[in-house]
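# Chains, contacts and geometry: an overview
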Amino acid sequence: SWLSQSIVYMSEPSTAFIGGRAVKTAEIIGLALHHLLMFILTSQIPSWGLAILFYCCAQATGGLLIGIVFTVGHNAMEVLTEDEMKTTDFVRLQLRTTRNVTPSWFTDFFTGGLNYQVEHHIWPTLPRHNLPKASRVLKELCAKHDLPYHCMGLYEGNEEVCRFIRRMSSLDEVKKRA
């Protein structure tokens, strides 16, 4: 669950956080406020059974939405062999194996900035509000050096993933890979 992941994340030593103790403290306060507000919100529901149901549905919906974005960003992309991975530099590796979801006010809000998967992989500690600017810089760099930059709509990306899964599950493909 998100709660257990939060607890594990917060148990990391301060040195694991860029910014040290101050950043870790801010993260703990932010997570505590989130869970406190969630508790206050659910406590307004007249029945504990309904409150628990609401909380579980909210968690499941969040998981589904983030799963959709991760699926588009990571699946149906090029899969490199071990040798290819050893001979491919970090940036090219991310460009070949990761896809963005086309940015818009909806996808930026809906995904919390995770629609910028390529930039997130290349600069994992870059704050989300800087990802659109990083995307523009990276697109220019890719165009200048003739590097691939994959980006497609949320719906189209899910269609491509479904086609890929269908193709990979076909008997001919299974025999070819055996």
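Residue numbers run consecutively from 1 along every chain, following the written order of its sequence. In keeping with the predicted nature of the model, local features appear solely for residues at pLDDT of at least 70, side-chain atom pairs appear and are counted solely at 80 or more, and the whole-chain, interface and lining totals rest on all residues. Note: side-chain values were computed over all heavy atoms of the structure, leaving out hydrogens and water.

## Points about the state of the cysteines
Here, a disulfide means two cysteine sulfur atoms that sit within 2.5 Å of each other. With the rule as written, the count across this model stands at zero disulfides. Of all cysteine sulfurs in the structure, the one in Cys-56 sits closest to Cys-57, which takes part in no disulfide; the separation is 7.1 Å.

## Quick look at the pattern of salt bridges
Here, a salt bridge means any Lys or Arg side-chain nitrogen found within 4 Å of an Asp or Glu carboxyl oxygen. Applying the stated rule across the entire model yields four salt bridges. Taking the shortest distance from any N to any O, the salt bridge between Asp-89 and Arg-92 comes out at 2.6 Å. Linking Glu-160 and Arg-99 is a salt bridge whose minimum nitrogen-to-oxygen distance equals 2.8 Å. In this pair, Glu-160 is assigned in helix H9 (residues 154–168) and Arg-99 in the loop between helix H5 (90–97) and strand S1 (100–101), connecting sequence segments 61 residues apart. Relative accessible area serves as the criterion here: at 25%, Glu-160 is assigned to the partly exposed category. On the accessibility criterion, Arg-99 (2% relative accessible area) is buried. A run of H or I in DSSP counts as a helix once it spans at least four residues, and a run of E counts as a strand once it spans at least two, with each numbered from the N terminus. Here's how the labels work: a residue is buried when its accessible area is under 20% of the maximum for its type, exposed when over 50%, partly exposed in between, all with a 1.4 Å probe on protein chains only.

## Let's talk about the packing of aromatic side chains
The criterion for an aromatic pair is that two Phe, Tyr or Trp rings (for Trp, the six-membered ring) have centres within 6.5 Å, with stacked assigned to planes under 30 degrees apart, edge-to-face to planes over 60 apart and tilted to the rest. Scanning all chains against the criterion turns up two aromatic pairs. Arranged with centres 6.0 Å apart and planes meeting at 80°, the rings of Trp-105 and Phe-106 form a pair that is edge-to-face. What makes Phe-106 partly exposed here is its relative accessible area of 40%.

## Here we look at the nonpolar core
Counting residues in each nonpolar core, the largest one holds seven residues, listed as Leu-95, Val-118, Ile-122, Leu-138, Cys-142, Leu-147 and Tyr-149. Only helix H7 (117–122) and helix H8 (131–144) provide two or more residues apiece to this core. Only buried Ala, Val, Leu, Ile, Met, Phe, Trp, Tyr and Cys residues count toward a nonpolar core, and they belong to the same one when joined by side-chain atoms within 4.5 Å.

## As for the packing of helix H2 (residues 20–43) against helix H3 (residues 48–74)
Lines fitted to the C-alpha atoms define the axes, with helices restricted to the stretch that makes contact. Angles between their N-to-C directions range from 0 to 180 degrees. Packing of H2 against H3 brings their axes to within 9 Å, and their N-to-C directions diverge by 135°. By the angle between their directions, the pair H2 and H3 is classed as oblique. Where H2 crosses over H3, the handedness of that crossing is right-handed. Mapping the contact onto sequence places His-35, Met-38, Phe-39, Leu-41 and Thr-42 in H2 and Trp-48, Ala-51, Phe-54, Tyr-55 and Ala-58 in H3. When describing relative orientation, an angle under 35 degrees is termed roughly parallel and one over 145 degrees roughly antiparallel, while 65 to 115 degrees is termed roughly perpendicular and anything else oblique. With the far helix as reference, a near helix turned anticlockwise by less than a right angle produces a left-handed crossing, and one turned clockwise produces a right-handed crossing. Contacts are assigned to residue pairs with any non-hydrogen atoms lying within 4.5 Å of each other.

## Describing the confidence of the model for the protein chain
Here the protein chain averages 87 in pLDDT, and 95% of its residues register 70 or above. Between the elements of the protein chain, mean pLDDT differs from a low of 70, seen in helix H10 (residues 171–177), to a high of 96, seen in H8. The predictor reports its confidence for every residue as pLDDT, a score running from 0 up to 100.

## What to know about a nonpolar patch on the surface
Patch members must show over 30% relative accessible area and no salt bridge, and they are joined within 9 Å when carrying like charges or within 5 Å when they are nonpolar side chains of Val, Leu, Ile, Met, Phe, Trp or Tyr. With residues, only the protein chains shown are counted as cover, and all accessible areas are computed by Shrake-Rupley using a 1.4 Å probe. Where nonpolar side chains cluster on the molecular surface, the patch consists of Ile-29, Leu-33, Leu-36, Leu-37, Phe-39, Ile-40 and Trp-48 and spans about 740 Å² of accessible area. Looking at the nonpolar patch, the element that brings in the most residues is H2, giving six residues. Mapped onto the elements of the fold, Leu-37 is located in helix H2. Judged by its relative accessible area of 55%, Leu-37 falls in the exposed class.

## A word on H9
Two residues of an α-helix separated by three or four positions point the same way, owing to the 3.6 residues in each turn. Multiplying 1.5 Å by the residue count of a helix minus one yields the expected span of that helix. The terminal C-alpha atoms of H9 lie 21 Å apart, and with 15 residues this matches the ideal 21 Å at 1.5 Å per residue to within 8%. Within the sequence span of H9, burial applies to Leu-154, Gly-157 and Val-161. Looking down the long axis of H9, one finds its buried residues gathered within 65° of arc, a one-sided arrangement. Those residues of H9 that are exposed and aimed more than 90 degrees away from the buried face are Tyr-155 and Arg-166. Directions drawn from the helix axis to the C-beta atoms are what define this arc.

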